[in-house]
Every structure is written in C-alpha cells, then in structure tokens.
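Single-letter residue listing:
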Amino acid sequence: MTPLMHAAYKGKADMCRLLLQHGADVNCNQHEYGYTALMFAGLSGKTDITSMMLDAGAEIDLVNSVGRTAAQMAAFVGQHDCVTVINNFFSRARLEYYTRPQGVDTEPMLPPRLAGPLHKIIMTTNLNPVKIVLLVKEEPALVDPWALQKCSRVMELLCEQCVQQQDMNEVLAMKMHYLGCVLNKCLSFLQNREDKLDSLLRSLLRGRDSDGFPQYQEKFIRDCIRKFPYCETNLLQELVRSIAPVEIGNDPTAFAVLSQALTGQMAFVEGDYCVTCGEKGADKRCSLCKAVVYCSLACQKLHWFTHKKMCGSMQDQDAKAQDTPKLKELKAEEKVAAAGGCPLELLSRPSTSSEGPPRPRD
Ligand SMILES: [Zn+2]
Ligand SMILES: [Zn+2]
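Residues numbered from 1 in each chain as written. Chains lettered and ligands numbered in written order. Predicted model: local features only at pLDDT ≥ 70, side-chain atom pairs only at ≥ 80, totals over all residues.

A. Here's a closer look at the overall build of the protein. Helix and strand counts for the protein stand at 18 helices and three strands. By the burial criterion, 36% of the 362 residues in the protein qualify as buried. Sequence separation of 24 or more characterises 64% of the internal contacts of the protein that already satisfy a separation of 6 or more. (Helix = DSSP H or I, 4+ residues; strand = E, 2+ residues; numbered from the N terminus. Buried ≥ 20, exposed ≤ 12 C-beta atoms within 10 Å, placed from the backbone. Contact = placed C-beta atoms within 7 Å.)

The structure is reproduced here in structure tokens:
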C-alpha cells in the first residue's frame, strides 16, 4: 500500500490532502490486489476523503484483482454514502468545457462565473426539489432568469452527452435532466410570481388538506420523469413501472423511487430524513407532535405554514399544546426506535464470508 492508500483507509483527511498536494498518484494500483486509493476511501466510509480522491482525478472505472470498482467495493461493505458520492461524481473539468466558446460561437454556453454554483448543484446527492431550490437560493448568481436559462440549457446538453457517450450513463443523464427541470421551475417562478422562489418552496411543501401529503411536489417529480427525452432507456422504463401504478399519496413516492435509482440510497427510513429538505441525519423534531423531524430550525420554519394544520392531529392526546413548537434534540435511542429498532446500515451490510473479494490488509 502507498502512504495515500493507508491514509485513505484509516480516514486521515489531512494526511490525504498533504500527500495529494505533494504529488501522490491517486490512480496508483500497484497494491497486491489491485486496489486504488479511491477503493480504500470507499471502504473507510469517509465521504469527504472519497470526494477528495475524485477531485484529485481518481478514475471511477478501475477494477481490482476480483474485477470490482471502488463503488462496488464500498457497497460490499455497506458504505452506501460513499457509493452515492462515487456514483454522483461529475468532474468540474467536464462542466468547464461549456465555459469556453466552441466552434463558431463567440460567447460560451455557460458564463464562467456560473460554473462553480452549477457544479455544486450537479454534485448534490440529495435530490429533494426543496433542497435544490434552497441551493439555488443561496447562490445570488443563480437567482436570475438569464443565468437559470443558461444553466438549464447546459443541463440539457449534458443529459444528451451522457446518453450519447460511448458507454451510455443513463443514471447521470436522468440526474442532469431532473436537475434541469428543477432549474426551469425556478426560472418560471422567478419570472411569473411575486415572491418568486419562496413561493416555489411553499408550493413544493404544501400538504393537501386530507392528510398533509405534498401533492404538488409528487406531481412535479412525476412530470420531470415523464419528460425525460429518451423513452427507450431501461432506467426510464423501470421508473415508470415503479411509479405509475402508485396512487398519489401512497408509498413509494416518486422522490423515493427516483432517489434510489439515481443515488443508490437504500429505502428511506422514517425519522432520519428532514421532512422539509430531505437531508439525511435529521436529529431535531417538532416538540408538539414529536412526529416530524428536521435538520435545522430553518427547515422547521419553512414547513410550519403547512405542518401547523396537521400538527394538532398528530399530537399525543395528553401532550400539552404550546404556542410555538420548539425543536428537540432526538436522543440516540429514540432514533433507533424510529428506525424500527433496526438501523439500516446493519441490515444492508453483508456478513463477512470467506467468498467475496479479499479484504484490504493493513
Ligand atoms: Zn432540512
Ligand atoms: Zn408538529
């Protein structure tokens, strides 16, 4: 093992950074089983180190002596967050191609100052439309119809490129298309609505009267999938097969199906995802009903206009109502209880067997 492989496997981010800055070869695979530093990063379960290796130019397709890629190795040991990071990687260089005028054009497709903000959105592994709109909102350069038009055009081209490249990447194509649809939606709200993106956020979050289910969001995501321009792809057909028979309001939601297909995230465990933005590891909850969890106070505030209609009926009979809900830290044992007593990681991690690829050695 090279020092970089050691540092990656042991989860030492600072050491990885130092070694890379000093020219460590990120794609070296002279390890006795052909492992790369990216494989060790994936095995370590550290998403920051996995991203660092990818940013440094780690190749995703290299395989070890048993023919497995880094993503497959990470999946084998149950490090699904690292699998997600690897599967969603898209190099900045590939996007920057569009920041230079091509052929007879005098203007680039994408103004260079938009490359950073757009790349951040492309790299998101949380595909909740609320989260994506929040990402747009926090980038002043993107909150502009002209900029959004440029970005959504580039997303369309990237989608086309992913379908037409030598080995078609349907997953990435669908992701580019979906993100482009969300950007387009932002564009239309910016142009036509008074309070612009806030109004889009409220539309996405508003629950229907009967059960609080956000049906606008469900219909929007279904619509994005339906508009995917390459009807012959397997991925589209699979998505449609999974979603079409489900009545709106029932499980699985279009978001859950899409998210699983694009990021490889396993089934959603209730009580672990922010009900507003879908961020994983939400550890705060409404102190009144104790039924919904959030990642932050900001997300709770955003959701309150619609949650307040349901909060009462979700409360325990004897819980005392207060004027405003407070956030309460979710205790570790409550979190496990919310997951049905079985944290997902334990269920999906295969037992160590003598078959399978060799384990990395120290
Ligand atoms: Zn949130
Ligand atoms: Zn509540």
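B. Quick peek at the nonpolar core. Counting 61 residues, the largest nonpolar core has Cys 151, Leu 258 and Cys 274 as its most contacted members. With 11 residues, the top contributor of residues to this core is helix 11 (residues 170-192). Excluding anything up to four places from it in sequence, Cys 151 contacts Leu 114, Leu 118, Leu 142 and Leu 183. (Core = buried A, V, L, I, M, F, W, Y, C linked by C-beta atoms within 7 Å.)

C. Spatial organisation of the UniProt feature "repeat: ANK" (unreviewed entry) in the protein. Per the UniProt record, the feature "repeat: ANK" (unreviewed entry) sits at residues 1-31 and 33-65. Counted over residues 1-31, helix gives 52% and strand 0%. Its end C-alpha atoms are 5 Å apart. Along residues 33-65, the helical share is 52% and the strand share 0%, with 5 Å between the first and last C-alpha atoms. (UniProt positions renumbered as here; feature names shortened; annotations may be inferred.)

D. Fine view of the packing of helix 11 against helix 12 (residues 196-205). Contact pair helix 11 / helix 12: the axes reach a minimum separation of 7 Å and the direction vectors enclose 125°. When the interaxial angle is binned, helix 11 and helix 12 end up oblique. Of the two elements, helix 11 crosses helix 12, and the hand of that crossing is right-handed. Between helix 11 and helix 12, the contacting residues are Lys 185, Cys 186, Phe 189 and Leu 190 on the first element and Lys 196, Leu 197, Ser 199 and Leu 200 on the second. Partitioned by chemical class, the residues of the contact of helix 11 with helix 12 number five nonpolar, one polar and two charged. (Axes fitted to C-alpha atoms, helices over the stretch in contact; angles between N-to-C directions. Parallel < 35°, antiparallel > 145°, perpendicular 65-115°, else oblique. Left-handed = near helix turned anticlockwise from the far one by under 90°. Nonpolar A, V, L, I, M, F, W, Y, C, P; charged D, E, K, R; others polar.)

E. Region of the structure containing the UniProt feature "domain: MYND-type" (unreviewed entry) in the protein. Mapped onto this numbering, the UniProt entry annotates "domain: MYND-type" (unreviewed entry) at residues 274-311. A helix fraction of 39% and a strand fraction of 13% characterise residues 274-311, whose end C-alpha atoms lie 16 Å from each other.

F. Seen up close, the packing of helix 12 against helix 16 (residues 297-314). Following both chains from N to C, one finds helix 12 and helix 16 inclined at 50°, their axes separated by 10 Å at the closest point. Taken together, helix 12 and helix 16 sit at an angle that is classed as oblique. When the axes of helix 12 and helix 16 are compared, the crossing they make is right-handed. Mapping the contact onto sequence places Leu 201, Arg 202 and Leu 205 in helix 12 and Leu 302, His 303, Phe 305 and Thr 306 in helix 16.

G. Structural detail: the environment of Asp 198. Along the chain, the position of Asp 198 falls in helix 12. Look at Asp 198 and you get partly exposed, because 14 C-beta atoms sit within 10 Å. Along the backbone, Asp 198 and Leu 302 are 104 residues apart, and their C-alpha atoms lie at a distance of 9.2 Å.

H. Representation of the environment of Leu 18 in the model. Its location among the elements puts Leu 18 in helix 2 (residues 13-21). Note: C-alpha distance between Leu 18 and Leu 4 (14 residues apart in sequence) is 9.3 Å.

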